[in-house]
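Overview (structure and organization)
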Amino acid sequence: MEWESDHLVVLRDGRTDRTPTHRFGGAGMGKGVTETRSPQRKHVPDMQDWKKGMPTSLRGIANRAKSDKTARFQNLYGLLNENNLRWCFYQLKRNSAAGVDGVTFKTYEQNLENNLGQLVEKLKRKGYRAKLVRRKHIPKGKGKTRALGIPALEDKLLQLACTKILNAIHEEDFMETSWGYRAGRGGREASRRLANDLHRGRHGWVVEADIQGFFDHIDHDWMMKMLERRVGDRAFLRLIRKWMKAGVLEEDGKVIHPATGTPQGGIISPVLANVYLHYVLDLWFRHWSRNVCRGDAYIMRYADDFVCAFQYKADAERFMRELPERLEKFKLTVAPEKTRMLAFSRFREESNEGFEFLGFEFRWVRRRSGKMGGQRRTSPKKLVKSVATFKEWVVEN
């Protein structure tokens, strides 16, 4: 049976439900996605080759995670040794801005062996402390700014090493419907697969949704409970909690200690986000669609954005009502301005609407043959923005 680890569904009151592990039927379970858009994504190294040159220890973890869907992994903290950290160090971005300690990649590399030795020693004696995350506000037009978190170099190094370990475990658990921050998956391929699945499926209604401030509202206690499903190493889990509790240094010198959320700009944030939404949304939707829906149901999640398609309007309306209740149990809310239900069917040309996802617009159009077909094109808003940016570049150069 496939996805045996996904039989655990966290229900609304925190209990679990064990459902059959057969694959969800119908069109729509495809591979692939994602690029990055939020402040959390700025410092994330290329995840496409996360298995490239993987140490034997990580391959062993991945193999065991695949063969034993109930295994809880111990002794992960011991993998944060000099050899593995050296391997991870040369996968960091060399030109990234320095954190609060002012240490750059080049500076750290000049005395790499000694620095790694001292870092491992601190880990062994449990003396490692997560440093403050330096926050910088980047202008993004129309008077708005984007908050960017810049961790210290050693924090980024250890986060990358822990990300490799968590990926080795959870890549074997994540569902095909999860397209965000996954190795070998891009946004363009995701949009192509979505267009194909909607074209072939028996869907008449679409719900597009977004979670309000997702990365800032992840509940720490729930996050740790979810990690504990597969990780039994207390020292490893304490290390992750340190990053979630790390303070943020604002540009004006003020220090903020977040009560919720994942590390601002942290390399480990993407995999933590996927673990969280794996239990909050992915498994729940599979369970919900099997036990509640009268017709076909489909979901594609790209990080914290997702699109659902339903065969019947009643199913879509019920999903719209129950989704906020589900998210509320895990301290999350939907973004009202980005969440809506729309008619999307080849059989209702007059009332059809289009929607945007991953920078593309999706809609039904009548082709030259006279038949209705799905169309995927660049989002008009994205196109206008790209043209404006190009015009500015022409003027400047």
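One can find the structure itself at the top, above this paragraph.
Conventions adopted
- Residues numbered from 1 in each chain as written.
- Predicted model: local features only at pLDDT ≥ 70, side-chain atom pairs only at ≥ 80, totals over all residues.
- Heavy atoms only, no water.
- Helix = DSSP H or I, 4+ residues; strand = E, 2+ residues; numbered from the N terminus.
- Buried < 20%, exposed > 50% of the residue type's maximum accessible area, 1.4 Å probe, protein only.
- Contact = heavy atoms within 4.5 Å.
- Areas by Shrake-Rupley, 256 points an atom, 1.4 Å probe, with all protein chains shown as cover.
- Expected span 1.5 Å × (residues − 1).
- Arc of directions from axis to C-beta.
- Pairing = 2+ DSSP bridges.
- Salt bridge = Lys/Arg side-chain N within 4 Å of Asp/Glu carboxyl O.
- Polar contact = N/O pair within 3.5 Å; in protein donor to acceptor, adjacent residues only side chain to side chain.
- Bend = angle between axes of the 7 residues up to and from the residue.
- Patch = residues over 30% accessible without salt bridge, like charges linked within 9 Å, V, L, I, M, F, W, Y side chains within 5 Å.

Describing the overall build of the protein chain
Counting its secondary structure elements, the protein chain contains twelve helices and 13 strands. With 397 residues in all, the protein chain has 52% of them scored as buried. Put simply, 72% of the contacts in the protein chain that link residues at least 6 apart link residues at least 24 apart. Of the roughly 19,100 Å² that the protein chain leaves accessible, carbon and sulfur atoms contribute 48%.

Structural notes on helix α1 (residues 56–67)
Its twelve residues give α1 an end-to-end C-alpha distance of 16 Å, which sits within 8% of 16 Å, the value for a rise of 1.5 Å per residue. If you check which residues of α1 are buried, you get Leu 58, Ile 61, Ala 62 and Ala 65. Take α1 and look down its axis: the buried residues cluster within an arc of 95°, on one side only. Residues of α1 that are exposed and point over 90 degrees away from its buried face: Thr 56, Asn 63 and Ser 67.

Side note on the pairing of strand β12 (residues 360–366)
With three bridges joining them, strand β11 (residues 355–357) and β12 adopt antiparallel strand pairing. Its bridge partner lying in β12, Glu 356 is registered against Glu 361. Joining the antiparallel neighbours β11 and β12 is a turn of two residues, in which Leu 358 adopts a positive phi near 60°. Counted between consecutive antiparallel strands, the loop separating β12 from strand β13 (residues 372–378) contains five residues, among which Gly 370 sits at a positive phi close to 95°.

Description of the pattern of salt bridges
By the definition in use, this model includes 18 salt bridges. Across the pair Arg 318 and Glu 322 runs a salt bridge, and its minimum N-O distance is 2.6 Å. With Arg 318 and Glu 322 both in helix α11 (residues 313–328) and four residues apart, the pair spans about one turn of that helix. Residue Arg 318 is classed as partly exposed on the basis of its relative accessible area, which comes to 36%. What makes Glu 322 buried here is its relative accessible area of 11%. A salt bridge links Arg 363 to Glu 361; the shortest N-O distance between them is 3.4 Å.

Re the side chain of Arg 135
Topologically, Arg 135 is positioned in strand β3 (residues 133–139). Polar contacts involving the side chain of Arg 135 include one to the side chain of Glu 250, which spans 2.6 Å. Beyond its immediate chain neighbours, meaning those up to four positions away, Arg 135 contacts Ala 147, Leu 148, Val 248, Leu 249, Glu 250, Glu 251, Ile 256 and Gln 264.

What to know about α11
Taking 1.5 Å per residue as the helical rise, α11 with its 16 residues ought to reach 22 Å, and the 24 Å between its terminal C-alpha atoms agrees with that figure. The largest bend in α11 amounts to roughly 30° and is located at Glu 322, with the proline Pro 324 lying one to four residues further along. Taken together, the buried positions of α11 are Asp 315, Ala 316, Phe 319, Glu 322, Leu 323, Arg 326 and Leu 327.

A look at a nonpolar patch on the surface
A cluster of nonpolar side chains, namely Phe 390, Trp 393 and Val 394, defines an oily patch on the protein surface of about 340 Å² accessible area. As for its placement among the helices and strands, Val 394 is situated in helix α12 (residues 380–396).

What to know about the sheet that holds strand β7 (residues 255–256)
Pairing within the open sheet is mixed, and its four strands lie in the order β4-β3-β6-β7. The outermost strands of the open sheet, each flanked by one partner alone, are β4 (145–150) and β7. One ladder, built from two bridges, connects β3 with strand β6 (residues 248–249); its direction is parallel. Bridge pairing in β6 places Val 133 opposite Val 248.

Note that every value here comes from positions in space, so none of it alone points to a role or purpose.
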